[in-house]
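Below are the chains, spelled out letter by letter.
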Amino acid sequence: MTTAEQTLTDAPQPIQGPSAMGGGRRRFWHLLWLTSLSDYKARYADSTFSYLWTIARPLMLFGILYLVFTQVIRFGGRVPDYPVILLMNIMLFQFFAEATNRSVRSMTARGLVRKMDIPRLVLPLSAVMTAGLVSLSALLVVFVWIVAYGVDPMWTWLLFPVIVAALVALTVAIATLVSALYVTHRDVAQVWPVLVRLLFYGSTVIYPIGYLPPGFLHDVEVVNPLSPILAQARVWIIDSNAPGWIEAAGSTLAALAPLVTFLCICFVAVVSSRRAARVVAEEL
Amino acid sequence: MAVHPDAVQVRDLTKTFRVPIPTGDGVRGSLARRFAKSVRRELRALNGVSFDVRKGEFFGIAGRNGSGKSTLLKLIAGIHAADGGIIKVAGRVGPFLELGVGFNPELSARENVVLNGVMLGRTPEEMMQRLAAVMEFADLGAFAEAKLKHFSSGMRLRLGFSVMVQADPDVYLFDEVMSVGDAAYQQKASETFLDLKDRGKTVILVTHSMTAIEELCDRAMLLERGEIAAVGTTDDITARYLELNREQAERRPDGRVRGAEGDTEVPVSPRLRARVASASVRGRGEAGRVDPGEPISLEGVVVVERPIRGTRLWLELHDAQGTRVFAESAQLDESMRDLAPGQRLRVRAAVENRLVPGSYTLSWAIMHTAPTGRPVAVSAIDTRGFRVAGKRVPRGGPVSLKYEVDVESAADVPAPARR
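About the cut-offs
Residues numbered from 1 in each chain as written. Chains lettered and ligands numbered in written order. Predicted model: local features only at pLDDT ≥ 70, side-chain atom pairs only at ≥ 80, totals over all residues. Domains from an automatic or database assignment. Contact = placed C-beta atoms within 7 Å. Helix = DSSP H or I, 4+ residues; strand = E, 2+ residues; numbered from the N terminus. Nonpolar A, V, L, I, M, F, W, Y, C, P; charged D, E, K, R; others polar. Core = buried A, V, L, I, M, F, W, Y, C linked by C-beta atoms within 7 Å. Buried ≥ 20, exposed ≤ 12 C-beta atoms within 10 Å, placed from the backbone. Pairing = 2+ DSSP bridges. Axes fitted to C-alpha atoms, helices over the stretch in contact; angles between N-to-C directions.

Residues and elements named next belong to chain B. Each domain of chain B was delimited in the assignment, giving domain 1 (6-238) and domain 2 (256-388). Across the contact, seven residues belong to domain 1 and seven residues belong to domain 2. Looking at the side of domain 1 that touches domain 2, the elements that each hand over two or more residues are helix 7 (210-216) and helix 8 (234-251). Considering every element that reaches the side of domain 1 that touches domain 2, the biggest residue donor is helix 7, with three residues. Among the residues making up the side of domain 1 that touches domain 2, the classes are represented as one nonpolar, four polar and two charged.

Moving on: the nonpolar core. The biggest cluster of nonpolar side chains holds 175 residues, and the ones touching the most others in it are Met88 and Leu92 of chain A together with Ile76, Leu173, Ile204 and Leu205 of chain B. Sort the elements by how many residues they give to this core and helix 4 (residues 82-103) of chain A lands first, with 13 residues. Counting the residues that make up this core, at least three belong to each of domain 1 (6-238) and domain 2 (256-388) of chain B. With sequence-adjacent residues up to four places away left out, isoleucine 76 of chain B is seen in contact with Val8, Ile87, Val89, Val93 and Leu173 of chain B.

Residues and elements named next belong to chain B. One open sheet accounts for six strands, arranged 5-6-7-3-8-9; its pairing is mixed. Only two strands of the sheet have a single partner each, and these edge strands are strand 5 (93-96) and strand 9 (227-232). On average, each strand axis in the sheet is inclined to that of its neighbour by 15 degrees, with strand direction left out of account. Where strand 3 (residues 58-63) meets strand 8 (residues 219-224), five bridges bridge the pair, whose relative direction is parallel. When the bridges of strand 8 are listed, glycine 60 appears paired with alanine 220.

Residue and element names in this part refer to chain B. The sheet built from three strands is open, its strands ordered 10-12-15 with antiparallel pairing. A single partner strand is all that each edge strand has here, and the edge strands are strand 10 (274-282) and strand 15 (344-351). Averaged over neighbouring strand pairs, the angle between their axes works out to 15 degrees when direction is ignored.

Here it is in structure tokens:
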């Protein structure tokens, strides 16, 4: 090919091949939004109470846990504002659990990647966004519940977007990681739900910070990136007198442990998802 | 303004798959797969493939199963990553490897159209504007809000096809789209192909159908074992393809022949009694070529290896799609009824030729009469490809029949009542 030919605007250009983000930013967002929205619609389309389930399910889970931890294991009664804290934590954790659990198989779902040059990252991100849409209505319920319970409005409520941003960042990183690992290691689908359960008990979802005695679960809590998010949510939204994350960790250095975990997750996620993006169509 | 002539350029394309060798299911098998490098076998799907497709060209890719043609299409579509070589494409590619990719049965047709269109590189707004056109083109005008799960598979196919056409990519990639769907869909597909051709669209078509290549394509390419066996005119490629199939058929031990697209349905005895030593099909001139109207002559030599009782000759003619045009089991003269081992036979047959130009195969075999009275082939079925020379008539059948037409003005005929 001569140089003159190459300068023509309609000359063939090298194609990029399968990748995590390829195909243009606009197409990426459109695909992400449309697949998330359609998954959301499709999921509730057929059940009788359809969208009501987005609220009913976490409420029912809350009901069970509330009964268990106030009437069977009676520590809930000693924690101030326990019902509101528990409900808020469950809603936040449900988003994380649902998003990551659904993202595990997302890359291989429906064999899409074998038929279309869809940017691979759309698939786990779409699982996160669908979970986000499900959580929106649940979030509304939480705020109604908080106000009805009698928590006074505080200026720190304005910091709620910070909590959401941190939670979304963590969820996206883990969703990317587990979906990429699943491409070459199918065992992830068996292991991840168990790990989610571990994170549920090894974080501050059901008991407040500082409750766990030293031991394995306590160690998990200390490095778990979910712990500071939930701890700060409690301080900023419900009880300004509760201990914040830095206070609870003892020192600023110790408080950074979850951040280190988070950065490690991000690094592995980027490396593995790049690799997975190229091979996923062949590994189905 | 100058226009670059090429729509697609492919240079030295190489693709190797690492295929797991079966190590058994269960923990031991999968541990072996994971940790022992040797349990994966390298499978070279494409090896140094280079070709160009011009703008506005209909380019056919033929090849037998496993020749690498679908892999090639997936590389151009950006679905698989190449191991080596370069692919360049001018503009947007519309991969159509399966109809209605990513369709969600729980959503309405409208939502699926938008989603599918975005996958093909359009914006949601553009697809909403084209929705009516998509639904109309698919003959599904009234069903835009119906859920896809209530559609028949034919309706889904038409919808997928319609989205593809309305998304209007610069380069269309089709994989075997003619061999699926109901009659209404196939009708739609062929009309669309002709329309795309008229509009000067660039189309790459992977197919087993030599008719599709002959009727639609400007040029074609034949892949064999991941390499280009030939690039050229559609006539050359179809002839080479049928030839390749014949070579393969001869290697098959059971004698059952896979024609272009279908098995012959002659029962073949598991215990062969005769061997075809050589054969050719011709008109009056060179082998493999017959002029229209010229009798199709078969000449062959057969060696008898075991006694044969009630000998017959099987003749069978297929067109390029594998449709049987003619089949006959011919009784032989009295002296040839019973044959002894070691006997050599010269076989000659001449078949009347009313075939239209195109590619065909002539299959033949020696038969005996089984104790049940049924004729059964006792030699391997021998298949020879040949071409009837000339320009193929699009949409014609396989044979040309004599006909007369008489249309005249008839004012005295009363006009029938309008229904």
